[in-house]
Structure formats: C-alpha cells, structure tokens
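Commentary on secondary and tertiary structure
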4 protein chains.
Amino acid sequence: MRVTSKASEKSLVDIQSSRDYRKIEIDKVGVKNITYPVTLLDKAHGKQSTVAKVNMYVGLPHHFKGTHMSRFVEVLNEHRHGIRISSFPKILEAMLDRLDSESAHIEMAFPYFLERVAPVSKAASMLHYDCTFKGSLVDGKYDLLVGVNVPATSVCPCSKAISDGGAHNQRSIISVEVRFKEFIWLEDLIEKVESKASCEVYSLLKRSDEKYVTEKAYNNPKFVEDIVRDVAHEMMIDPNITWFSVEAENFESIHNHNAYALVEKWPEEPKGE
Amino acid sequence: MRVTSKASEKSLVDIQSSRDYRKIEIDKVGVKNITYPVTLLDKAHGKQSTVAKVNMYVGLPHHFKGTHMSRFVEVLNEHRHGIRISSFPKILEAMLDRLDSESAHIEMAFPYFLERVAPVSKAASMLHYDCTFKGSLVDGKYDLLVGVNVPATSVCPCSKAISDGGAHNQRSIISVEVRFKEFIWLEDLIEKVESKASCEVYSLLKRSDEKYVTEKAYNNPKFVEDIVRDVAHEMMIDPNITWFSVEAENFESIHNHNAYALVEKWPEEPKGE
Amino acid sequence: MRVTSKASEKSLVDIQSSRDYRKIEIDKVGVKNITYPVTLLDKAHGKQSTVAKVNMYVGLPHHFKGTHMSRFVEVLNEHRHGIRISSFPKILEAMLDRLDSESAHIEMAFPYFLERVAPVSKAASMLHYDCTFKGSLVDGKYDLLVGVNVPATSVCPCSKAISDGGAHNQRSIISVEVRFKEFIWLEDLIEKVESKASCEVYSLLKRSDEKYVTEKAYNNPKFVEDIVRDVAHEMMIDPNITWFSVEAENFESIHNHNAYALVEKWPEEPKGE
Amino acid sequence: MRVTSKASEKSLVDIQSSRDYRKIEIDKVGVKNITYPVTLLDKAHGKQSTVAKVNMYVGLPHHFKGTHMSRFVEVLNEHRHGIRISSFPKILEAMLDRLDSESAHIEMAFPYFLERVAPVSKAASMLHYDCTFKGSLVDGKYDLLVGVNVPATSVCPCSKAISDGGAHNQRSIISVEVRFKEFIWLEDLIEKVESKASCEVYSLLKRSDEKYVTEKAYNNPKFVEDIVRDVAHEMMIDPNITWFSVEAENFESIHNHNAYALVEKWPEEPKGE
C-alpha cells in the first residue's frame, strides 16, 4: 500500500502498539453494534439469511496502548457465512490470533425465522424470534451461550378466578439463555419454551384459529411466575443443559408497566434441586 | 498543513452569516433531541416538573450559509419554566427574532403525570402519559398542536364472540393530536380519550380493582377500529377542536405484531361529516 | 355471565363484516411492525436477503365494522420474495382485492447492504444502509417512495475556521426520500447522497485509509446546512426525481444533542427553482 | 374494602398466596419499566425533580405460587419524594416487609440535570446525564450501586498522528458504576469522569467556546482505551470507591459502528493493583 505524495510526510505510526505505562489491563475492547448480514445454519432448510448486531472484544494487556479495531471486522467478514454456535470457537481463535490477545468475546443478536402453521386452518406464515449467540475464550477456556426470546400469550390466573367473565391477558416475551454440552438447535430450544406459555403466538390466524388460541390460552392461565418455573423445570430435566437463565416479561394489558420474573440456575447447584 | 503560530490570532469569523450561492432555501434547520427539564402548567397542582425531548428549527433564507445553533438553546433556557401550549407563540416569536428568520418550529415530547385512583379500592398512584406540544409560526401564521398518547386496555370483540370462554386483550396506545380554538388542558384531552377504550389502565390495582377492570373490559369489547371511531366522534362533537388525528395501536396478545388504525380529520371537511 | 353450554356451538360469526352505524370512515387500518424475511432485487448480485419491518393498511368504508387482519399477512407472505419498489403496485392491488377496499398502503423498512472497498488499502467489508419503500394506491392513483438513510462524516467549517488545530466532526445520518419517474436503484440513490458529505464512512479502515478519510473530511468541511443543500441540488438536477425530501442529522461531538436540517421539494415547484 | 352485589359471587380468592409444588424458587419477580416522577437530592439546589424508569423485584420462596405486584407500586409511591441512594435501604426494607420476602431489588434510571457554564462566554445551560441507582438486600446484606453516563468528546490520537490536518472525533458516552463506603454525590462522580475525556460537552456554546473546546479536544486526543484507563485510575485512587466498572463507547465519525472499552475492578483485588 502506498499512501502518496509529498504533503503526507507524516508516517503511518502505529500508536496502538506503543507502550502504555498506566498498568491498567483492559477487560474488553473492540467494536460494538455493527450491523452485518450473516448466514446461519437452519434445521429445516440448511441455511437462513438474516441480519445480526455484532459486538467483538478482546482483552488488552496493560503494556499496550490500544487495539487494532479493523481486525475485528476482518474476522467477522471472513466468517459471516454458515454461522452456528459451534463455529464460534474458530472465530474466537481467529480473534486471539489476529489481535494478539489472551481473551476474546463475541456477541451476536439476530432475528431468526421459523415457519409456523396456524392450529386449525393450517395457514402458514413466518414468525421471528430474537436470538443471541455469545462466545468467549479466556485463558484457553471456551464459554458458549445460546439465547432465545420467545413471544407468547399469557393469561392471568387471578384475573380469571375472581372475574365474572374474561381474564386479562397480554403478549409476553420469554427469554432463555443456556449453556450446554452438545450442539443445540435454536428450533428445539424455542419449542421447549413456547409450549410453556398460556398459548403460542402466530403471525397469521384465521377466525377458526383465533377461537382456538383464545380458548387454549383461557384454559391455561399462567402467572409470569408460572411461566418461568415451567420453563426452568424443562431446562432442569434436560441433561444437555448445564446452566440457564429464564426470564419472562408480560406487557400487562391492565397496566402501563410490565410484570417480570427470573429464575437463574447456577452451575454448582445440583440438577432438580 | 500548517496549523498556525500566533495561536489566538485566528479571528472568530462568523461563517454562518456569510453568503450562500446555491439558491436553496432550507425549510428547517436547528437542534434536535435536546433533553431538557421543564415546568408545565398542571390543572390540579398549578405546576408539574418533567423532562422533555425538544426540537427547535427555523427556516433559513437561501442567501445565508448557516444558522446559529446556540441561540435555540438560549431561547429554550429562558422559557423552560411554566411552559404551556399557550406560551408557545411567545417562544416562537423569540426564535424568529433571535434567529432572524421568517419561520420557526418547536416540538416538545414529555411524560405527563396524573394521579389515578383505583376504581374500587381507591388506592392512588401516578400514571404517565407521553404528550407532545408542537408549534410553528410561518409567515405570520401560528399553528399549535397538542398530542396525548393514552395507554388503555382493548378486548377483541371477535375473539369474545367466537370463543367458549375468554377473549384476547392487550395494552393499546391511543394517540390523539388536535388543533383547537381555545386553550385546552392535557387532563381534559386525556380523559376524553381514555373513556373510549375497553377499559382504562392503572399503575396500582388491588384484587378488587383487578376484578373490576377485567369485567369492565370484557363487557366492553372494542376493535382497534372501534376505538379510533369512538375517539374521533368525541373530537368531532367538540366545538373547540378544529382538526384531529386519532391513532390506536394494539400490542396484540396473540401475535408478535400490532393492530393499527387511524382517522384523520382535515380542516376543510364539515364537522359531523 | 354464563359462558356457554354446548361449547363448540358458538358459530364463527364474522363481526368485522357487520354493519357500522357511526358513519366514520377509517383512513388506515391494518397491521404494524411485522418483522418479516424478504428478498430484494440487488444491482450487483441479483438478490439480497434481508429483514424488513412492515406496515400494511387499507381504508375502511364507514359502513363496515372491521377489517380482516390476517389477509394482510397472507398478501405479504405471498409476495415476500424478489421485492423491488416496482413490484409494489402488484402488492397494493392484491391488498385492495383481498381486503375489499378502495385504498391500500404498504411501508417497508430494512437494512440494505453494500460491499464497500476502503479507499487506500482496498480492504472490503459490508456497510448497511437503512432503507424504506413506501407505496399507496388510493382511488386508482399509485404513489411510490424510496428512502435511504446514509451514514457519513461531517466536519464543522466554523470549528475549523476559528480553531488553531482540528475541527469537531461527527457521524451524520443523511435521509433522503424520493418520488421518481423510472425505476431507481437503491445503490444509485445511496451513491448520490454519500458523495455530498465531508466523507463517506466504512466498516473497515486500515491505518492508510484512516489517514485518507481524516484528511478528505478535514479538507471538505460541511455544515448540516451544506449537506442538505448539496444533496438537494443533486436531486433537483436529476430529471428522474419528481419530488424529494432531504434531511441530515449530525450527532454533534461537542454537544449531547443533534444538529438537523431539512429541505423538501414540493411537486408543484419548478425544477431548479 | 367491599366489592359488591350479587353478580359477583366469585370470591376474591388470593391465588398468589396458594401453595406451589414445583419446588422452584424464583430469583426475582416484580414490576418492570414503570415510569414515575421522583424528587432527588441535589447538591446545588437541595432538590431536583425528574422522571425515573423503575424496576422492583423480590425473591419468591418455592412454596408460594405468586407475588403481589400492587405492593411494589405502593412502596414506590410512598418513597418517591426526596430519593437519594442512601434512602434505598429504607425502601428495600419496606419491600421485604410488605412482600414478605428474604431478598429485594430496586433499580432506577433517570436523567439528572446540571447547570453547565460555557468555558469562555460563561453562557449557562442545562446538561443531562443518564444516571442509575441500584440497590439490593439479600439475606440481610445490602448492596448499593451508583451509575452515571457522561457524554463527552473523544479525539482519535492515531488519526491525529497520521493525518495532515484534523483528526476524527465524536461523541462518546462514558458509563461508570461504583460501590462505595460513604455517601457519594452524583455531581462529584460526574465531574471525576468528565475531566478524563478529550473534552467535556455542553448544550450551549458560543463561537468563542467552540474554538476553546475544539482546541482543547484536539490537544488532548484519547483512544477509547485511554478514556477507560484514566477514569479507572481515578476510581482506583479514591479510597471511598470499593468497586467500579468503567465503559466508554465512541460513536465513531468514520464508521457506522462504535468503539468500546471496559475496565472492571473486582472487590477482592487490591487497590492500585
């Protein structure tokens, strides 16, 4: 690469690589909130194209002044096709190698689409689930997390029990993040979660379907507490899951704020409690 | 590039005031998205402190290169106490005067709080309504708009009619913007809107209240279409309202997308159609 | 309230189609904020997969109680492959036909990706542009708009002129929306806009590139006013553009608020003023 | 409180208090994202009114089916005047007491305003800082955190060093969260952070001020890495700070993504490293 001419006699000094004397190690430094097109592994169709928000960081030893930001984007660009959580170790190693660090972190958030068939009419449409992959490699140890945010219907059991007709209900977002032993499909994790709400949601419902989901939900009322417990139980009995956090947030139809619950399972706790 | 010598000798040249030769008038130029503390007129308590996001613009004649951005903030700072829509003409005139323009625009969005008393328990709490004031003064003509975003409950009439038990319902945001003849209280506009949903929402509901709002809403099912029509009718029969737009957005509990409706009344149309 | 008897005997009554007596026509009713996977026409590669936020509305005559929301999603689902602004008339006609209305509106917002080559190192990476397609068909008249949001660098001319070294600069988003005669590529519209800022931005810049963009921007300072004027001029001299609005918003590095400018060209005004 | 009448023979059964058999304790359950007006302690003026987003949770023992959501809002409503981080223990105790739990958590995020005087013209205006208070009381142990998000200017040292004129710069948000021994003023924490950027930002700058801040920043270039290190150092040498995390995010003017760095100090590490 030649830069040019006379005017630019300033050399391309690499300030980032110069020595730093503050003796403060930086835990994470890198690029945040890059929007990038990626191709993911899809259980039903082989591949799925989507758009990810990506963060990539490395640790910076105390004696270096700065990191080289462009290299993160180079690594991302090289690996953006055929991404799956199990390809994260390769990406993390490339980051360590290229950025000359001992620790690397990558986070991707993206909408993932599944075809959903309405329960009675069988009309098909796409439903999106906001998902996340997070990976880190610190001092030779990998840590991989898969997360799904599943929209669902929740019907309030208290409202149903005390009211002469109806029950307040609302959209709920159930967020689950897991650590695991063997490769796990987003599709399978979503299905485990979705089945624990009052009812699943759809993009396209004909009148017969609307009757079905209204009745299914009404006959299956669940507090935000019930939802996180039932999803947590599902995670606890799955021998492939080594850690999880389960959150549910109900966009209450009777309030202008939300109801929320969280169960988090620490790795050291015995399964099934 | 030589940076100087005699450092402070660079004069504070006013580039903005220099002549522009592109012959393109700028419709709006100014500051956007300033967060500022303001005091509003409050019907019940005299004054209410809140936080506004403010945009301020003027028109720029084709022969000026730029506007003087700091003057917008000066005007805002001088007028931030005791703001009411009826003080907007004064602010707009200050903008014209200070910015040497023929047109001025100001937009403020802020949460406005009302104390709400639960319907049965009478427990009191605060509920916030996102509101807007917009004013413009163009070629000597004022235009003032007041907007309110009212959270409410909507119950689906179709779901109720076809289902053996229950009905899907959800939080709805009803957004109304009006032009008017005489000063109008946010409180009064909010009340007109809130009463047209299936039920109003509260921050604090005891069990007796939850029964009440569940039943009230279930006995008063409304499509998003019904809500905008009923609010629009309320606006049409108010002789003080000279123009309005009414929107409702339902955060459907059975979908991951929203239902939406809009009625807009143009000034030239006769009242009551 | 008694809920039933002979449970499933509740007929699937079509409340939406029943008669309404309020005599209020609804301007727009439909679905809002659906996230959907779409395939767009791409100038360089034929096709590009991305993710769109979609709104679809129709007008509802005063005598109908409601619209049939599921049909919007059916239309979207059928047309989601190979979308280009010139396929919007077909989608709008399908909406009129399926929803039995006289007016239809569709809005799509999506990130669109272009490969960008760094100016000196020639390193390649993807850059995203938030774009919009909007179409409406009202009483037989089509209206189609294409919009692009182009990130760029802006350097303040005033700051440069008065300061002994440096000049404040920042990311700017330039938003252009156009009406046009003949089909227009997003790529071409983006390029027209991008070239009018102080400098274009990139996802990946090596040190030699960073020198290049810093100097290019510093030697090309532009107020937010200059940017909208230069882009507006570009639109005015393009005989294919029949209307435009040009906005620029600078995320000022010396403030916690933004500088903003807008030029809008109304259709009835003569070209070139 | 009496509910009424014949129709409502359904009793107000307290489902939440009924026994749960899943043996899953819930870590956090409560209300999220309530917008509430609060009054804070202000160093200069005694009191400051602002608007907070509030989350409140308690732990739920495995044998209870649900919590009583309305009680959170009751506690918030009773304590919303005169809030300071040192009043959080009282609020947390009220939550434990009212919700009958062993653990309680409260999080408040709010814009906090300080009057800022421009460096040369001495023109005054308000600047907002997004701040947070977080408190928890778990098994008798309090944990209190104060956070500030400080907008500032950052100038890139590499860009300055290699370029013949200018240097890219941008708005940066520096986010600091601390644990501490003695009461700490938001004002003091903000000042410690603000002084470590290339330059502080203002809402209102006259031309003489713009010259000043441009030159100050240009003469004080800092990588995102420098900013977090310098702020971290400031925290390390403060004997009142027992833990901190420091993040900086630069809205790069030459990219459409951000540069980011984080230093976090764990309590067990010795001060000053």
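Here, the structure is the one placed above.
Now for a quick tour of the structure. Predicted model only: the values in this text are computed from it and were never measured. Note that residues are indexed from 1 along each chain, following the sequence as it is written. Here every chain gets a letter starting at A, and every ligand a number starting at 1, in the order they are written. Per-residue local features are limited, in this predicted model, to residues with pLDDT of at least 70; the limit for side-chain atom pairs, both in listing and counting, is 80 or more; totals at the level of whole chains, interfaces and linings are taken over all residues. Excluded from the side-chain calculation are hydrogens and water; included are all heavy atoms of the structure.

Attention now moves to the side chain of Ser203(D). Here Ser203(D) lies in the loop between β7 (199-200) and α5 (207-218). Classification of Ser203(D) as buried rests on a relative accessible area of 6%. In terms of polar contacts, Ser203(D) uses its side chain to reach the backbone carbonyl oxygen of Met126(D), at 2.7 Å. Contacts between residues were defined by any pair of non-hydrogen atoms, one from each residue, lying within 4.5 Å. Excluding residues within four positions of it along the chain, Ser203(D) makes contact with Val73(B), His255(C), His257(C), Ser125(D), Met126(D) and Leu127(D). Elements are defined by DSSP. Helices are runs of H or I of four residues or more, strands are runs of E of two residues or more, and each kind is numbered from the N terminus. Between buried and exposed lies partly exposed: a residue is buried under 20% and exposed over 50% of the maximum accessible area for its type, with that area taken using a 1.4 Å probe on protein chains only. Within 3.5 Å is the distance limit for a polar contact, defined as a pair of N or O atoms, with the added protein rule that one can donate a hydrogen and the other accept it, and that residues adjacent in sequence qualify only through two side-chain atoms.

Right, let's talk about unusual backbone geometry for a bit. Phi is positive for Asp139(A), close to 50 degrees, though the residue is something other than glycine. On the secondary structure map, Asp139(A) appears in the loop between β4 (124-138) and β5 (141-155). Positive phi outside glycine occurs at Lys122(D), with the angle close to 65 degrees. Topologically, Lys122(D) is positioned in the loop between β3 (103-117) and β4 (124-138).

Before going further, it helps to examine the relation of the copies chain B and chain C. Take chain B, turn it by 180 degrees, move it 0.0 Å along the axis, and it overlays chain C with an RMSD of 0.0 Å. When the rotation and shift are considered jointly, the pair of chain copies conforms to a two-fold rotation axis. When the copies are overlaid, the least-squares fit takes in C-alpha atoms only where the residue has pLDDT of at least 70 in both copies.

Moving on: the relation of the copies chain A and chain C. Rotating chain A by 180 degrees and translating it 0.0 Å along the rotation axis places it on chain C, where the RMSD comes to 0.0 Å. A symmetric contact is evident, with 89% of the interface residues of chain A recurring at the interface of chain C.

Here we take up the interface of chain A and chain C. Every contact between the two is made by 36 residues of chain A and, on the other side, 35 residues of chain C. We define a salt bridge as a contact between a side-chain nitrogen of Lys or Arg and a carboxyl oxygen of Asp or Glu at a distance within 4 Å. Run the count over chain A and chain C and you get four salt bridges. One salt bridge connects Asp14(A) with Arg207(C), and the closest N-O pair in it is separated by 3.5 Å. Scanning the region where chain A abuts chain C turns up twelve residue pairs in polar contact (both at pLDDT 80 or more). Contributions of two or more residues to the side of chain A that touches chain C are made by β1 (26-42), β2 (46-60), α1 (70-79), β3 (103-117), β4 and α5 (207-218) of chain A. Under the scheme applied here, ten amino acids are nonpolar (Ala, Val, Leu, Ile, Met, Phe, Trp, Tyr, Cys and Pro), four are charged (Asp, Glu, Lys and Arg), and all others, including Gly, are polar. Class assignment for the residues of the side of chain A that touches chain C results in 14 nonpolar, twelve polar and ten charged.

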